[in-house]
Amino acid sequence: MKRTAIFLSSGLLFTVATGSFAQSGDPFTRAVPGAATPSLQGTPTTPITLTGVQTATFGEPRFNTQGNATRVVFDLPRGVTYTLTPTFTGLRVDIQGARVLPSVTARLSDHITEYRAGGGQATLITPYPLSPTEGWRASEATIATGNRVLILELGAGVSGGASAGLQGRVLASAPTSAAAQAVLNTPLPGTLPPGDQVRSGPTLPPAPVLPGANPAQPSALQGTAPGTPRAAQLSAPRIGKSPGQTRVVLDLPPGASYRISTGQTGLTITLTGVTLTAQSGANISPELRSWNFTPGAQGGTLSLSTATATRDRSGWRAQLLPPTTGDTARLAIDLSPALADLTPLRPEDRDLQAVAPIPATRGTALLAFSANFMKPRVVIDAGHGGRDPGAVGSVIEKDVTLAVALRVRDLLAPAGVDVVLTRDSDRELNTVKNVDLQMRAAMGTPGTQLFVSIHVNAMDARNALRGYGVETWWNPNHPQSSALAALIQNRLVEQTGAFNQGLKNTQSLSVLRNSRVPAALVEIGFASHPVDGLNLKDSNYLDRVALGIAQGIREALVTGVTADQTTDAASLNARRR
């Protein structure tokens, strides 16, 4: 332990006992912390019940960067309680008993890329994932005036989590209030889609692929080791780490069987034909918080606690590999929130009728103009093209977006949709980027119902591990844009099993802002992530992406989430008056 002097803006000086900032010795080094099962740290102060206007305020932190960590100091007003929540994107502080001062500050240091506060929360966004014990440290101290302060230290090499004397609580997750979400959604200036400034390839190596993977079943839910059964003691799992992914390997004797169950907290592997002893491990990696052996009558279970939920075909992957030497088979399980569903679509889903035909209903402007039925027109924008490659990493963005756009067209056309592509080949609309974006948005001419732009995301190499999954953006250019974005995002996650980054509207995007019809921009994955990048190279994944987008568009058309809905309502009200 050492004591560090901290100078506050008020001129006060106090010292805080801190530990050294340990660097990882992991041979698979990626400068990200391990993880552990969250636990209550200390006891919260007695909460207060407010009967009037809040007078206490929380905020205006002091920042100080020293070497491999950034220290953040908050004053703690009397009666205030707080909860700390380490996440994959940073550290969140939920406040009770005080008003959080609104603030947005970007690029504080290499360890804190942004600070946002308001609506009862303060969020310190980091370029690496946090676990309950790694990547951060929290303590409290009393300064010369007698007031208490909360001291947060963040850095890839920092460890310790919450100190024993901390009076706040530490949670694995906590709900986001509507007021806090409103602060996070405050529009910021911008024109280009997220990731468009990232053009160079990632420095992180791609995640290793399991040998002998079966494309029709990338996640083997159950199996039996080949050979004549023999009794054997099961040894502790072997762990391998690579950027963005953790591999767990069990050595199974002949005749041993396994069954894998998914859930919100990770995986449970039920084992038979083996004996095992109670043992466990913690603080393994960002993907694996802990593992635990529980003996049973016929064998036992191995519980793998993961940082995110797992589903039957996403969040993990497993294969039973044959012995290399001797008769012991290997059950290899890969864990990563970026692992998506790569199984081929069923023949009935590959059929061009997978997106059911749009029902023609007389009396609605959705499909009818004047007295004649007409196909609803939808513009599909394949981002980038020609001399503008977009993000370049595991894939080239312009190639992937065109491949998906063509698939979406081929699914929607038989369903009775007039699909207009902004491009159907490798070309840009204009050599000037801003003009190109405006031309794409302008293709939503009168009579067009929806505009959907398809992109691939990316983050710079030092932040690459934070970026994975799918997200859909909207701007307030039309009252129905947010509803369109939600339908597409829901269907996309349903079909791909990709990590759900949710809906975003914190940037004003030219291609959305300049559209006169309901518009959405969907980011189908991150070319910079070592696992998500492999998804984008898989044709089965692109098939599923296209089907999800097409189903979302169809649902919007059928339910009236279109350019005409607002116009029709206004006309109806005018006639009633």
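These numbers come from a predicted model, not from an experiment.

S.K.: Looking at this structure, I do not really get a nonpolar patch on the surface. What am I missing?
M.R.: A contiguous nonpolar surface patch, about 210 Å² in accessible area, is contributed by Val432, Val435 and Met439. Of note, Val432 is situated in the loop between strand E29 (418-421) and helix H4 (433-442).

S.K.: Can you help me understand the nonpolar core in this one?
M.R.: Grouped together as the largest cluster of nonpolar side chains are 46 residues, with contacts concentrated most on Ile380, Val404, Val408, Ile524, Ile549 and Ile553. Apart from residues lying up to four places away in sequence, Ile380 is in contact with Ala405, Val408, Val419, Val420, Leu421, Thr422, Val452, Ile454 and Ile553. Core analysis: the next-biggest nonpolar cluster, separate from the first, contains 28 residues, Phe74, Ile95, Ala138 and Leu152 among them.

S.K.: I tried to follow helix H8 (residues 539-559) on my own but got confused; where do I start?
M.R.: Two residues of an α-helix separated by three or four positions point the same way, owing to the 3.6 residues in each turn. Compared with an ideal rise of 1.5 Å per residue, which puts 21 residues at 30 Å, H8 spans 30 Å between its outermost C-alpha atoms and is within 8% of the ideal. Of all 21 residues in H8, 16 are buried; the element is thus mostly enclosed. The N-cap of H8, judged by a side-chain oxygen 2.8 Å from the amide nitrogen of Asn540 a few residues on, is Asp538. Looking one or two places after H8, you find Gly560, whose phi comes out positive at around 90 degrees.

S.K.: Can you walk me through the packing of helix H3 (residues 397-412) against H8 in this structure?
M.R.: When two helices pack together, their arrangement is given by the angle between their axes and by how far apart the axes lie. At a minimum axis separation of 8 Å, H3 and H8 run at an interaxial angle of 50 degrees. Classified by the interaxial angle, the pair formed by H3 and H8 is oblique. Seen along the crossing, H3 lies across H8 with a hand that is right-handed. Here Val400, Val404, Arg407, Val408, Leu411 and Leu412 of H3 lie close against H8, whose contacting residues are Ser539, Leu542, Asp543, Val545, Ala546, Leu547, Ile549, Ala550 and Ile553. Of the residues belonging to the contact of H3 with H8, the class tally is 12 nonpolar, 1 polar and 2 charged.

S.K.: I tried to follow empty space enclosed by the protein on my own but got confused; where do I start?
M.R.: Applying the stated criterion across every chain yields a total of 2 cavities of 30 Å³ or more. The space that makes up the second largest cavity amounts to roughly 40 Å³. What lines the second largest cavity is simply Glu287, Thr306, Ala307, Thr308, Ala309, Thr310, Gly315, Leu335, Ser336 and Pro337. Residue composition of the lining of the second largest cavity, by class: 4 nonpolar, 5 polar and 1 charged.

Calculation criteria
- Residues numbered from 1 in each chain as written.
- Predicted model: local features only at pLDDT ≥ 70, side-chain atom pairs only at ≥ 80, totals over all residues.
- Heavy atoms only, no water.
- Patch = residues over 30% accessible without salt bridge, like charges linked within 9 Å, V, L, I, M, F, W, Y side chains within 5 Å.
- Areas by Shrake-Rupley, 256 points an atom, 1.4 Å probe, with all protein chains shown as cover.
- Salt bridge = Lys/Arg side-chain N within 4 Å of Asp/Glu carboxyl O.
- Helix = DSSP H or I, 4+ residues; strand = E, 2+ residues; numbered from the N terminus.
- Core = buried A, V, L, I, M, F, W, Y, C linked by side-chain atoms within 4.5 Å.
- Buried < 20%, exposed > 50% of the residue type's maximum accessible area, 1.4 Å probe, protein only.
- Contact = heavy atoms within 4.5 Å.
- Expected span 1.5 Å × (residues − 1).
- Polar contact = N/O pair within 3.5 Å; in protein donor to acceptor, adjacent residues only side chain to side chain.
- Axes fitted to C-alpha atoms, helices over the stretch in contact; angles between N-to-C directions.
- Parallel < 35°, antiparallel > 145°, perpendicular 65-115°, else oblique.
- Left-handed = near helix turned anticlockwise from the far one by under 90°.
- Nonpolar A, V, L, I, M, F, W, Y, C, P; charged D, E, K, R; others polar.
- 1 Å grid on protein atoms, 1.4 Å probe; cavity = no way out; pocket = protein on both sides within 12 Å on 5 of 7 lines; lining within 4 Å.
- Points joined across faces, edges and corners; volume = space filled by probe spheres on them.

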